[in-house]
Amino acid sequence: MRSSLWKSQVNTKNIGQVLHNIINKSCLERGMLIVKVIMYLPDSESALNELSDKVTKVHLDAVVNYISRLTCPKEQRTALIDAVIDELHEKHDNGR
């Protein structure tokens, strides 16, 4: 039944909308939130570098926040940060 309904609703002009409706219905049935996002991509090399720097800062803040909330002693948190830095240096030196 579902297959015949699908075939009767779809043509080359509306397939995007039909798929959109099916995905939305499926998500809503599962209690999932649907969020529409508009992305504006950088249009120059300098804008791309600026975006990269901002993303790096957000990642760094997230890591620092996570580590600062750990319940282990300060020495262990410091050792963890040092290990992360060493790993990043090793990856950078190896070109990964």
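Residues numbered from 1 in each chain as written. Predicted model: local features only at pLDDT ≥ 70, side-chain atom pairs only at ≥ 80, totals over all residues. Heavy atoms only, no water.

Concerning the overall build of the protein chain
Then, in step 1: Scanning the protein chain for helices and strands turns up four helices and zero strands.
Then, in step 2: Starting at the N terminus and ending at the C terminus, the protein chain contains elements arranged as α-α-α-α.
Then, in step 3: Looking at the protein chain as a whole, 4% of its 96 residues qualify as buried. (Helix = DSSP H or I, 4+ residues; strand = E, 2+ residues; numbered from the N terminus. Buried < 20%, exposed > 50% of the residue type's maximum accessible area, 1.4 Å probe, protein only.)

Thoughts on the pattern of salt bridges
Then, in step 1: Evaluation of the coordinates by the stated rule reveals two salt bridges.
Then, in step 2: The shortest N-O distance in the salt bridge between K54 and E50 comes to 3.3 Å. One end of the pair is K54 and the other is E50, both in helix α3 (residues 45-68) and four residues apart, which spans about a single turn. (Salt bridge = Lys/Arg side-chain N within 4 Å of Asp/Glu carboxyl O.)

Regarding helix α4 (residues 74-93)
Then, in step 1: An ideal rise of 1.5 Å per residue puts 28 Å on 20 residues; α4 measures up with 29 Å between its terminal C-alpha atoms.
Then, in step 2: At the exit of α4 stands G95, carrying a positive phi of roughly 75°. (Expected span 1.5 Å × (residues − 1).)

What about a nonpolar patch on the surface?
Then, in step 1: Judged by side-chain polarity, L33, V35, V37, M39 and L41 come together as a nonpolar surface patch covering roughly 630 Å² of accessible area.
Then, in step 2: With respect to the helices and strands, the residue V35 is situated in the loop between α2 (15-29) and α3. (Patch = residues over 30% accessible without salt bridge, like charges linked within 9 Å, V, L, I, M, F, W, Y side chains within 5 Å. Areas by Shrake-Rupley, 256 points an atom, 1.4 Å probe, with all protein chains shown as cover.)

Let's talk about the confidence of the model for the protein chain
Then, in step 1: Per-chain confidence: the protein chain averages 79 in pLDDT, with 81% of residues scoring 70 or above.
Then, in step 2: Taking the mean pLDDT of every element in the protein chain, the minimum, 51, falls on helix α1 (residues 2-9) and the maximum, 90, on α3. (pLDDT = per-residue confidence, 0-100.)

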